Amino acid sequence: MLQPKDIQAILGQHDLYWDDRRERMREYRRLYMTQFWEQDGFTMNDGVLRTEVPKAYAVVESYLGSLYAKNPSVRVEPDIRARGNPAVAQATANQYLLTIREQLEDATRLALIYPCSFIKLAPEQNVDPLKRVSCAALPPWEVIVDATACSWDQQRHVGHVFLMPVSEATARYKKGPEQFRTRAYSKWIESTGIAGKDVMKGLGANSGEVPDTDKWIRVVELYDLMDDRLLVWSPDYSDGQDFLFTGVTVQVGALDAEADAEAKTPEGELVHETTGIPFKSASGRPVVPILPLYFTRDPDTPLRGYSLIGRSRDQFRELNLMRTYQAQGVRRMARQWLVRAGFLSEDGAAKVSQGLDGEFIEVDLQPGLPLEGNMMPVPQVPIPADITVYAQTVDADLKDAGMLAPFTRGEVTKSTATEQNLLAAYTSSEIGRMARIRDSVITSLAFTYNVMLSVVLGDEAEPLSLPNPVGPTILSADDLTGDFQYWATDAGTTPMSDLAKQQVLERLAPVLGQLGANPQLILEEMVRVFQLPADLATPPPAPPAQPSPEGAPAPLPVEGEQ
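Since the model is a prediction, treat every value here as computed from it, not as a measurement.

S.K.: Can you walk me through unusual backbone geometry in this structure?
M.R.: When glycine is set aside, most residues are seen to have a negative phi, and most peptide bonds are trans. A positive phi angle, close to 60°, is found at Lys174, a residue other than glycine. Positive phi is not limited to glycine here, since Asp239 has a value of about 55°. Structurally, the position occupied by Asp239 is in the loop between strand S9 (229-233) and strand S10 (245-246).

Listed below in structure tokens is the structure:
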């Protein structure tokens, strides 16, 4: 098992790597936020006119608009060993995915601006067991990765570095506030200095001038995948010589019938899991609730990633410089005049400056002498045309580097039907490759949530009402325990796609009946797709037998009947 000194060394390597790249991450952020000419959060006030082009924002948001998951959902295939209930697992996962669309969009934006991003699921306390898993998008400098691994699944450890209020730390980890060396809150990307030095000086545990709400500590949650351990360590506790906490505290149990499902309360059955990473798949493999999002990877170090803005950083910088140069050149094209000394009086010079229409200006000139030679406009040198050509070349370089299809930029093309189908299916474009990565993150979110929900439920059960054909059922941990196959189906449950399915079934129903299909099965499928009451699928009872009139011969028995 990793020791505190090992975690301190891992954190030191992590800080050293990202501190060297702090200024570059700031530049990426300034390019996206249209703050290229700002330094340390302040605009340059040296009297020089500067103009910026919001090109980086347009590029990132165009990708985000194409990758936006309108209604993320998954389809769950059964476990090959027939474990669990795939219909229940699909319903719980899709309900959770609808609530984290904003976090998924934030993580996508971070992965486009910076080399990569991450999504973390964490257990929290809530009276409703379906809402006991929180979700947050993380920037790359907050997640410790094993850079020596060639893939995410082959890492030795994964960790999350963050700041936590002292009041929350004392309640979560059962420690006294005097045991911590506190520090002020600061965002990593906006702070100055190295995280391992001046930031770690802190404020001192006994700083009376700082309120308790402004005291923070630095916490490292590290998943030791070699020894199956969840370790919590802090450099601000016991000088980093001891662990702050081991394991995780999870609230377990079903929803109380008298509780408010929208309320959050710390009351409930809390279980302190210390026997390893508490989240396990059906096959017993540990599941780390930190999910990576890499749109492009470093070919030599895959877990470091590669930024979209960093790929075209030089072009963004050149566009800002060229637009600033053009703006300054246009401002210099003012109407200025060269006048012989004494030719215009002060009043005459003021009238020329005002430029009023119909104004009479008196000049000191002898009768019969011409005005030429006494006053002439200042020669203006036009901006070279090469500047405009160069700006167009830079813009073309950006489009070539983006490899976006023209329709994503609003351009009308004369593409063939085959090309349109390929683009719609996301199979032959840069957007298609990135969409597949997004879908893999959605499926990982659904899988991880169901694993965490099975731990949250414990031994209790939760009643659910699912659509047909499942209907009302009882949710238990056994229903979610299975090696299911998850497939992302973005917009798979939106009204438009449901309407398309209904129209297709409506056209096929008569054809299936003519081909000899069972009418009862067709009726059940119609009820399921149109979400009609289940009673409509029940066959009507057989009509009662009519008594034969007197004197009429009895009907002959049918062959096979007694």
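Let us keep going from here.
S.K.: How should the sheet that holds strand S13 (residues 290-293) be read in this particular structure?
M.R.: Hydrogen bonds between backbone atoms are what pair the strands of a sheet, whose relative direction is either parallel or antiparallel. Pairing is antiparallel across the open sheet formed by three strands, whose spatial order is S5-S4-S13. Only two strands of the sheet have a single neighbouring strand rather than two, namely strand S5 (133-138) and S13. Shown here is a sheet whose adjacent strand axes are inclined to one another by a mean of 20°, direction ignored. Summarising the sheet, strand S4 (residues 117-123) and S5 pair through six bridges and their orientation is antiparallel. Across the sheet, residue Lys120 finds its bridge partner in S5, namely Ala136. Strands S4, S5 and S13 of the sheet are contacted by helix H12 (residues 430-457), whose axis makes an angle of about 15° with S4.

S.K.: Mind showing me how you'd approach the pattern of salt bridges here?
M.R.: Should their charged atoms come close, side chains of opposite charge can pair. A complete count under the given rule lists 20 salt bridges for this structure. In this structure, Lys120 and Glu221 form a salt bridge, with 2.9 Å as the shortest nitrogen-oxygen distance. Within this pair, whereas Lys120 is found in strand S4, its partner Glu221 is found in strand S8 (residues 216-224), the two being separated by 101 residues in sequence. What makes Lys120 buried here is its relative accessible area of 10%. For Glu221, a relative accessible area of 10% gives the class buried. The partner of Glu168 in a salt bridge is Arg172, and the shortest N-O contact between them spans 2.8 Å. Of this pair, Glu168 and Arg172 both sit in helix H6 (residues 166-173), four residues apart, which is roughly one turn of the helix. Here Glu168 falls in the partly exposed class, since its relative accessible area comes to 34%. Beyond isolated ion pairs, a larger network of salt bridges with shared partners links Glu27, Arg313, Asp314 and Arg317.

The rules behind the values
- Residues numbered from 1 in each chain as written.
- Predicted model: local features only at pLDDT ≥ 70, side-chain atom pairs only at ≥ 80, totals over all residues.
- Heavy atoms only, no water.
- Helix = DSSP H or I, 4+ residues; strand = E, 2+ residues; numbered from the N terminus.
- Pairing = 2+ DSSP bridges.
- Axes fitted to C-alpha atoms, helices over the stretch in contact; angles between N-to-C directions.
- Contact = heavy atoms within 4.5 Å.
- Salt bridge = Lys/Arg side-chain N within 4 Å of Asp/Glu carboxyl O.
- Buried < 20%, exposed > 50% of the residue type's maximum accessible area, 1.4 Å probe, protein only.

No statement about biological role is implied by the geometric values presented.
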